[in-house]
Amino acid sequence: MTASSEEHAAGAAVDLSGAPDWTLFDAPSLVGDSLRFVSGQPDGDRFRVRYFRDAEQHLHARIWFGPETEGPPGHAHGGAVAAVMDEGLGLAAWAAGYAIVVGNLNISFRAMLPIQKVVTLESRVVSVEGRKIMVHGRLFCGDTLFAEGQCLCITIKKENQS
Ligand SMILES: CCCCCCCCCCCC(=O)SCCNC(=O)CCNC(=O)[C@H](O)C(C)(C)COP(=O)(O)OP(=O)(O)OC[C@H]1O[C@@H](n2cnc3c(N)ncnc32)[C@H](O)[C@@H]1OP(=O)(O)O
């Protein structure tokens, strides 16, 4: 264990509070408890995530990338960033009323993301065409853009919905 990861042993406090005009969004109540890969360890050393909606109902998240997301030394693995965007942008479509799975996710990694940092994911449903829901999102902190993505969500056929 590195000195920096010792600072954030499981259970240590991380500030995931939202902007003043955001309200907490309860993802499990909408999609069930299966979102364990990203959201399943709210006090763990991988991801800590809290979802919100703004006044216009757009989905946002505050995300802490813990020591177990490390890829390049001191920075998040690209797959960890992709996992967060997969869940967050897919959830944005669910929050907008579409029961979907992600069909295609295109991510540009714009800057290396230091681990043990809280960042913000913002999302927008930008188009709806038949079963295809396009969601765009960006992962940032302050003026630093870490990643941006376009996520093609496909509504689940009625017979596949549980
Ligand atoms: C249940 C609770 C969950 C609750 C979970 C909620 C949490 C959300 C967040 C987690 C998100 C995920 O990780 S989901 C897990 C990762 N994703 C997956 O495992 C999905 C695996 N793929 C599939 O199951 C399938 O390929 C589907 C469902 C995406 C599509 O299959 P289908 O239903 O047979 O539909 P299909 O006819 O092929 O496609 C419908 C239309 O979409 C287009 N299309 C389909 N895929 C693509 C694609 N990759 N790129 C471009 N276009 C595509 C087709 O051209 C077509 O356009 P047109 O001809 O109509 O014009």
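The following paragraphs examine the structure supplied in this document. Computed from a predicted structure; not experimentally measured.

### Here we look at unusual backbone geometry
With a phi close to 75°, Gln57 is a non-glycine residue in the positive phi region. Among the structural elements, Gln57 can be located in the loop between strand S2 (47-53) and strand S3 (59-65). Not every positive phi belongs to a glycine, and Gln116 is a case in point at roughly 60°. Within the element layout of this structure, Gln116 appears in the loop between strand S4 (100-109) and strand S5 (117-129). With a relative accessible area of 16%, Gln116 lands in the buried category.

### Comments concerning the layout of surface pockets
Each pocket or cavity is described by its volume, and for the largest pocket that value is around 290 Å³. Lining the largest pocket are 14 residues, and of these Leu35, Asp86, Glu87, Gly90 and Trp94 lie nearest its centre. Breaking the lining of the largest pocket down by element, the ones donating at least two residues are helix H3 (36-39), helix H4 (78-95) and S4. No other element matches H4, which puts 6 residues into the lining of the largest pocket. Class assignment for the residues of the lining of the largest pocket results in 10 nonpolar, 2 polar and 2 charged. The volume enclosed by the second largest pocket comes to roughly 250 Å³. Every residue lining the second largest pocket is counted, 16 residues in all, and those nearest its centre are Ala27, Pro28, Ser39, Val49 and Tyr51.

Reading the values: rules and limits
- Residues numbered from 1 in each chain as written.
- Predicted model: local features only at pLDDT ≥ 70, side-chain atom pairs only at ≥ 80, totals over all residues.
- Heavy atoms only, no water.
- Helix = DSSP H or I, 4+ residues; strand = E, 2+ residues; numbered from the N terminus.
- Buried < 20%, exposed > 50% of the residue type's maximum accessible area, 1.4 Å probe, protein only.
- 1 Å grid on protein atoms, 1.4 Å probe; cavity = no way out; pocket = protein on both sides within 12 Å on 5 of 7 lines; lining within 4 Å.
- Points joined across faces, edges and corners; volume = space filled by probe spheres on them.
- Nonpolar A, V, L, I, M, F, W, Y, C, P; charged D, E, K, R; others polar.

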